[in-house]
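# Tertiary structure, described
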Amino acid sequence: MKPVPVRQQQALVDRLMKACGGSYGPETRRKYFISGPQWAAAYQGQALFHAPTRQPVGFEDVIREYARIGIGYWTTHDSDVLPTDAMGKDQQWEVVDLIKKSLKTHGLSCSMVTTETFFHAVWAASPAAESPQVREYAAFRVKNTVDIGHELGAQFAVYWPGSLGYYTQGAVEETETLRWYAEALNAACKRDIAVAKKKKRATLKHCLEAKPFEPQAEILLPTSDAMLAFISSGLLTHPEMVGLNPEYLHELMWGGAPRAALARALVAGKLWHFDINDGYRLKHDVDIAIGLVNPLDWLNVLVLLRSHGYKGPFNLDYKPPRTTSNQGVFSVSFPTAVDRFITLWEMAGDVISDPVMKEAIGALKAGGDQSESHDADAIAAAHRELLTLHELIGHRMFQILIGAHRGRTYSA
Ligand code: 3MF
Ligand code: MG
Ligand code: MG
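An account of the accompanying structure is given in this report. (Residues numbered from 1 in each chain as written. Chains lettered and ligands numbered in written order. Predicted model: local features only at pLDDT ≥ 70, side-chain atom pairs only at ≥ 80, totals over all residues. Heavy atoms only, no water.)

This next bit is on the coordination of the magnesium ion (ligand 3). Bound to the magnesium ion (ligand 3) are the protein donor atoms Glu247 (OE), His250 (NE2), Asp285 (OD) and Asp287 (OD), situated 2.2 to 2.7 Å from the metal. For the pair the magnesium ion (ligand 3) and the magnesium ion (ligand 2), the metal-to-metal distance amounts to 4.3 Å, and Glu247 bridges them. Like His250, Glu247 is buried. (Donors = N, O, S within 2.8 Å, 3.2 Å for Na, K, Ca; no water. Buried < 20%, exposed > 50% of the residue type's maximum accessible area, 1.4 Å probe, protein only.)

Written as structure tokens, this is what we have:
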């Protein structure tokens, strides 16, 4: 192949994207509760060790492009759209007005707002630092995010505590830091109750997001399970207002099984919001788009969520790779991520209604010949053949993933 001149590269990408086929139209995409974060589309590829590879993009461009793709919901950090020194001031409300206009023009809704408590130098010792002044500032920021959320019509507020942890052990007293962190959340809930009453709106759903490492060496609430324990620790004044925003990759990062982590959140009644992406076990936060690494695991996750009636939000918290251009972010990265999600979601429906799966699961639940005795050997023998179905179920999931259940075959 000959080298491809720069001016022909976009056309090549567009042609190959068309050749991929199988994409859904914006109308179809809008039927799902999929949200697009401002920060994901605006990410310039500037992570640790990296210079940016893309030009900056503002919320107007992101909202317009999400609308064109068919992403119906938009989410943002306070600092994605506001300079830190404008927070809570008149300038903030001017920007919020512009955002409202832009969302209205393009037919999008803001579903979630979140406070940045990890980037600015003020959070160096965490949002629950020893200094009462820092903690008072953290409370101001989360309360201000609640105000913005109500103004933009959001239903959810998310909190990834970011630097809640330490580099040098012993520098912070963990129980005290957790108490202080709870105080910020308590302030957010209290403000929410007052604003919701004034605006005659429902209170927001406040969702905690855990991540096992980054950006501190040690994190005080590293997993969704730790967050569940924190919610029921007695430190929160409104535990009923606080749930979880698990992130798929964050659970893989500590070596957990994301589906099992989600199951624990479901049984606690706390699975309220979900950050969807992909990546590798026991590695750093690579935020690859859904289904590019673990499609079979993702199918399994969506089977669980579908069978429990979870309908979203599904927040596209991934990072278009540094190798993708500004154009590529909206022409390839977001539409393909959305379409893989929809395909996997629909496939999960196939799994649930598949006759082989149904019969296998039904048979396992019926068990072997009922024996009255507590004879372990006899019970094991009565189930010996039946339990082979576990592996058969795994095979059937694979077949559904590759379309073999619909007759797709490969000749050897
Ligand atoms: C970090 C994250 C965050 C959170 C966001 C929401 C930048 O790994 O996942 O995204 O999702 O801060 O509060
Ligand atoms: Mg996230
Ligand atoms: Mg992440």
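What follows continues from the structure just given.
Turning next to the sheet that holds strand β2 (residues 73-77). Pairing within the open sheet is parallel, and its eight strands lie in the order β8-β6-β4-β3-β2-β1-β10-β9. A single partner strand is all that each edge strand has here, and the edge strands are β8 (242-244) and β9 (274-275). (Pairing = 2+ DSSP bridges. Helix = DSSP H or I, 4+ residues; strand = E, 2+ residues; numbered from the N terminus.)

We now examine the coordination of the magnesium ion (ligand 2). For the magnesium ion (ligand 2), the full set of protein donor atoms is Glu209 (OE), Glu247 (OE), Asp275 (OD) and Asp317 (OD), and the range of their distances to it is 1.9 to 2.1 Å. In this structure, the magnesium ion (ligand 2) is surrounded by six donor atoms whose angles at the metal cover 80 to 169°, and the resulting shape is octahedral. The sequence pattern describing where the donors of the magnesium ion (ligand 2) fall on their chain is E-x37-E-x27-D-x41-D. (Tetrahedral: all angles 85-135°; square planar, octahedral: opposite > 155°, others 65-115°.)

This model, assessed by the stated rule, comprises 17 aromatic pairs. Where Tyr32 meets Phe341, the ring centres are 6.3 Å apart and the plane angle is 90°; that geometry is what we call edge-to-face. Taken together, the residues Tyr32 in the loop between α2 (26-30) and β1 (34-37) and Phe341 in helix α13 (residues 326-353) connect sequence positions 309 residues apart. Judged by its relative accessible area of 15%, Tyr32 is buried. Judged by relative accessible area, which is 0%, Phe341 ranks as buried. Aromatic pair Phe341 and Trp345: ring centres 6.0 Å apart, planes at 25°, arrangement stacked. Residue Phe341 and its partner Trp345 are both found in helix α13; the two are separated by four residues, about one turn of the helix. Per residue, the accessibility class of Phe341 equals that of Trp345, and both read buried. (Phe/Tyr/Trp six-rings, centres within 6.5 Å; stacked < 30°, edge-to-face > 60°.)

All told, the structure shown has 17 salt bridges when counted by the stated rule. Ionic pairing is found between Glu27 and Arg30, a salt bridge with its closest N-O pair at 3.1 Å. Residue Glu27 and its partner Arg30 are located together in helix α2, separated by three residues, close to a single helical turn. On the basis of relative accessible area, Glu27 is assigned to the exposed category, the value being 58%. Taking the relative accessible area as the measure of exposure, Arg30 reaches 35% and is therefore partly exposed. (Salt bridge = Lys/Arg side-chain N within 4 Å of Asp/Glu carboxyl O.)

Between Glu214 and the following residue, Pro215, the backbone shows a cis peptide bond with an omega angle of -5°. Structurally, the position occupied by Pro215 is in the loop between β6 (205-208) and β7 (218-219). Here the amide bond leading from Gly312 into Pro313 is cis, since omega sits at 10°, within 30 degrees of zero. Considering the arrangement of structural elements, one finds Pro313 in the loop between α12 (295-307) and β10 (314-315). Backbone geometry places Glu214, a non-glycine residue, at a positive phi of 70°. Residue placement: Glu214 occurs in the loop between β6 and β7. Despite not being glycine, Asp287 has its phi angle at roughly 45°, a positive value.

A separate point is the nonpolar core. One finds Trp74, Phe274, Leu302, Leu305, Phe334 and Phe341 to be the most contacted residues of the largest nonpolar core, which totals 94 residues. Element by element, the count of residues in this core is highest for α13, at twelve residues. Apart from the residues within four sequence positions on either side, Leu305 is in contact with Leu266, Leu271, Phe274, Tyr310, Phe314 and Trp345. Within the second largest apolar cluster, seven residues are counted, among which are Phe33, Phe156, Val158 and Cys207. (Core = buried A, V, L, I, M, F, W, Y, C linked by side-chain atoms within 4.5 Å. Contact = heavy atoms within 4.5 Å.)

Taken together, 13 residues lie around ligand 1, and His77, Thr114, Glu209, Glu247 and Asp285 are the ones closest in. Note that an oxygen atom of ligand 1 is positioned 2.6 Å from one of the side-chain N or O atoms of Thr114. Interatomic distance of 2.7 Å between a side-chain N/O atom of Asp285 and an oxygen atom of ligand 1. (Near = heavy atom within 4 Å. Polar contact = N/O pair within 3.5 Å; in protein donor to acceptor, adjacent residues only side chain to side chain.)

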